[in-house]
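Below are the chains, spelled out letter by letter.
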Amino acid sequence: MRESGGRGQGPGRGTGGAGSQGGPGAARRTQGGPGRAGRQGGGSSRSDGTGRPSSPDTPPRRPPERFDPFDLPFGRDAADRGKRPQDPADEGRGRPRDDDARRGGSGGSRRGAGDDARPRSDTNGRASKRPNDDRAKGRPAQGRDSGERSRGRAPQGRDGAEKPPGRAGRDGDGSSGRGRQGRDSGSPPRGSGSSARGAAARGGAPRGREDGPVRRTGTGASAPRAGSTPGSRTGAREQTPGQRPGERQASTASRQRAGARQEGHEPRRRGGDVPPPRGPGRPPRPPRPPKPPLMLRLGNPRRRINIGIIGMTFVLSIFAGRLIQMQGLDSKVYEAAAARQRQHVAEIPARRGSITDVNGHELAVTVEARELSIDPTKVPAASRPAVARVLAQQLGKSEQDIAAKLAKTDTRYQLLARDVDPVVSTRLMQAGIPSLSAEKTYRRLYPAGDLAGSLIGFVGDEGTGLGGMEQMQNSVLAGRDGEQRVETGRDGQRIPMTSSQREAPVDGRDIRLTIDRDIQWAAQKSIADQVRASGADSGAVIVMDVQTARIVAMANAPELDLNNWRKAPASSYVNKATAEVFEPGSTNKVITAAAALEAGAVTPDTVYRVPDSIRCADRVLRDAHAHKVESMTFREAMAQSSNVATIMAARKIGSGRLYQMLKAFGFGTRPGGGFPNAEAGLLPDYRKWSGSQNCTVAYGQGVSVTALQMASVYQTIANGGVKIEPQIVAGATDGSGRFVPAPAGKQTRVVSETTAKEITTMLESAVGAEGTGQLAAIPGYRVAGKTGTADRYDADLGRYNGYTASFVGFAPADKPRLVVLSVVQNPRKGHFGGQLAAPVFKDVMTFAIKSRKIPPTGSDAPPVRARAGQ
């Protein structure tokens, strides 16, 4: 057995090694690995279970703590509650202290250190004196700590609590419990019993370890500590391989307590209390099943990793999809958006074309100007009053307005002024005003001021025409703005070395009107004076060339000052000569005469018995002057402007023919020729005329016309019955600056030349001594014309209110060159056309004849029959 290393033959074999009576070469079986070599077997050194021999340089590895299935999970608090007070006398009997018991034994507190530290008893139940004998002989005790064992603390359980002697089988750890089982059943306990028996044979406590496993020499004995004796080495050699020191002490104590019970007495407990004897036939108490240790269960790391990978994959797939969308599918869209964000388009304004009169005199012109702006955030607060003062003085604005703009620091752009003269702009830029900027632009000027103001119109801040010819001919005058595309950074500065595209602007073309500046001035002055003198609301004058139907002058009163159009009332923006409609009155009798003469129903010498009133349907219509029933020719009725005679002539032709003649002269139709805001007037269908309207239309009541339409009627008569569409634009320049005249107006014959001459002679009689237009006569010139006085319809009131006085004629009567029409609306001082409008005609016609150098014909008017019976 010694040579073969067989299992020990003694009782109480341990679970992991050979019995204590085996040969010196018996193998030790432990839970950590293969059995260790015996203490004296073959000269091999003890191993820690890994096969590595121990030496002074390489101490044996401390066995790891293992889970003991019989280790009961009692807490420290439960042990402390059952712990008895420490007896100073116990220290002399070799009982270890509590803290030493917790550190004692090879397995620590979990391996029954309290049982290993109990004093061993002999067969008489007395405690062994071997530890004291060892101290008396000068040998240190072989516990875990020799110094602690010399102090002799009381035995403790696995939790460090003190336990009474003789209770190890019930209150100890798994090793002591197994020792009691071996005692009761008559068979030696396994595991710790052999170790305890070896310790009892030596008569001392088993050797403990302080910092790890016991260091042994090559012969199986543990290396001596400093200050130890050979006796201590002998005790170490008597230890059974495969047993822990705590297990050996617990087994020895169990055997001693079993022997004491067989002799009829138990070891006395502390304090003298002796437990009652147990019956011999009582079966052993089965061991309590161990409770699983409390441990914290953590989640499966592989599951956490998988969940994390899945989440990361999902997030990365979203980013990848977005990246594919941006750089693959929508790359062109984002590229275009980035280009638009970088590119800045600077507009290059085109120069607006000029407006001139028929002789090339400028009525509206474009000059270079500057638009001043400032960044209020860059103007220091202390400098704002001084800056506002300088800007207000140079720009002609209020200092408070400039200061208010400089105080708006929440914006980086404030427009100070438009249309600033370049000289003023240069002066301000040199003044050192911070963040002041000037942009090149153009300014519209009107050198003639209010001359033909409502006809010419004006331009807004954006360079677009807002009225008159500026609006009507805006597409020709404005041209086309250019642009320059540059790439700019965040601060608005151009990025160097980037592409730049420039599209040159196309300047507007010049417009030449048919009006004559001088005649326009005369007409405007004359009507303005008469409106003021008569207290009228407004007035208009039209001068037209008979042979071309071009407008020589078109004046309104009051007229619009184009240089201050923002301060003018809105009513002055309208060109009244083409937009304001009125009932023509007696000036419309020439159309009734033309219709009757064309129909052959009357001749100029036809005699009528004319009363001063006539019933028409439910109304009685009267002449302007009361008179007795008298005989008068049709020419005489036209000269005296008799309403009753005109109604009598109209009844011969009927309402249908009269309506057709009115339309032929242009009533109810918007005139061509490019006139701004031209109206068509009002001409109801004759089938809708009322009973009285069949009579009143004959002398100019019940229809509405504009001044331009009525002037066109007399131009047709003066031109031999041929109507020419009126013209206001003489022509325009082309892209090269060459003037291109406008085409002539459309010509339409309305009446025969004979009818036109007969009507001319009747109109010439109206200006003669027997007519109502004597104030329109011009010495040396034969003048033909007709006065008109009509009730004025007030649209605001919805009823007739006031009068419209008018006169229209042409000269020379035998060779007409010019047509002049004057209208005075709602005069307060007088209301007859021969009284208010005829003088205006005379003044304007006289000036126009002289301005155009139209000589008199030198002929006399032919003799005509002015009265019936002559």
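Remember, it's a predicted structure, so these values are computed and weren't measured experimentally.

Peer 1: Help me understand the nonpolar core, please; the structure alone is not making it clear to me.
Peer 2: Of all hydrophobic cores here, the largest spans 93 residues; its most connected members are Ile551, Phe665, Phe667 and Tyr714. Not counting residues up to four positions away in its chain, the partners in contact with Ile551 are Thr514, Ile515, Ile542, Val543, Met544, Phe675, Leu708, Gln727 and Ile728. With 30 residues, the next largest nonpolar core counts Ile519, Val767, Leu818 and Ile849 among its residues.

Peer 1: Explain the side chain of Glu470 to me, please; I cannot follow it from the model alone.
Peer 2: By the element assignment, Glu470 lies in helix H18 (residues 468-472). At a separation of 3.1 Å, a polar atom in the side chain of Glu470 contacts the side chain of Tyr446. Residues contacting Glu470, with those up to four places away along its chain left out, are Arg352, Ile355, Ala364, Arg444, Tyr446, Ile456, Gly457, Phe458, Val459, Gly465 and Leu477.

Peer 1: Please clarify how the pattern of salt bridges should be interpreted in this entry.
Peer 2: Should their charged atoms come close, side chains of opposite charge can pair. For the coordinates displayed, the defined rule picks out 20 salt bridges. With its nearest N and O atoms 3.4 Å apart, the salt bridge here joins Arg418 to Glu371. With Arg418 in strand E6 (residues 414-420) and Glu371 in strand E5 (residues 362-374), the pair connects residues that are 47 residues apart, well separated along the chain. What emerges from the salt-bridge pattern is a single network uniting Glu371, Arg418, Asp461 and Arg566.

Peer 1: For this particular structure, what's the right way to read the state of the cysteines?
Peer 2: Among covalent bonds in proteins, the disulfide is the one between the sulfur atoms of two cysteines. All chains considered together, the criterion is met by one disulfide. The disulfide partner of Cys616 is Cys695, and the gap between their sulfur atoms is 1.9 Å. Handedness of the Cys616-Cys695 disulfide follows from its S-S torsion of about 80°: it is right-handed. A residue pair is termed long-range when its members are at least 10 positions apart, and Cys616 in strand E15 (residues 613-616) and Cys695 in helix H25 (residues 693-696) qualify at 79 residues. What makes Cys695 buried here is its relative accessible area of 4%.

Peer 1: Where do I start with the sheet that holds strand E12 (residues 551-557) in this structure?
Peer 2: Remark on secondary structure: sheet strands pair via backbone hydrogen bonds, oriented parallel or antiparallel. Here five strands make up an open sheet; going across it, the order is E12-E11-E25-E24-E23 and the pairing antiparallel. Edge positions in the sheet fall to E12 and strand E23 (784-794), since each of these pairs with one other strand and no more. Across the sheet, the axes of successive neighbouring strands diverge by a mean angle of 10°, strand direction being ignored. As defined by bridge partners, strand E24 (residues 799-811) adjoins strand E25 (residues 818-825) across eight bridges and the pair is classed as antiparallel. Counterpart to Ala805 in the pairing with E25 is Val824. The strands touched by helix H20 (residues 517-534) within the sheet are strand E11 (538-545), E12 and E25, with E12 carrying the most contacts at an inclination of about 30°. Each of E23 and E24 touches helix H27 (residues 753-767); the most contacted strand, E23, lies at about 80° to it.

Cut-offs used in this document
- Residues numbered from 1 in each chain as written.
- Predicted model: local features only at pLDDT ≥ 70, side-chain atom pairs only at ≥ 80, totals over all residues.
- Heavy atoms only, no water.
- Core = buried A, V, L, I, M, F, W, Y, C linked by side-chain atoms within 4.5 Å.
- Buried < 20%, exposed > 50% of the residue type's maximum accessible area, 1.4 Å probe, protein only.
- Contact = heavy atoms within 4.5 Å.
- Helix = DSSP H or I, 4+ residues; strand = E, 2+ residues; numbered from the N terminus.
- Polar contact = N/O pair within 3.5 Å; in protein donor to acceptor, adjacent residues only side chain to side chain.
- Salt bridge = Lys/Arg side-chain N within 4 Å of Asp/Glu carboxyl O.
- Disulfide = S-S within 2.5 Å.
- Pairing = 2+ DSSP bridges.
- Axes fitted to C-alpha atoms, helices over the stretch in contact; angles between N-to-C directions.

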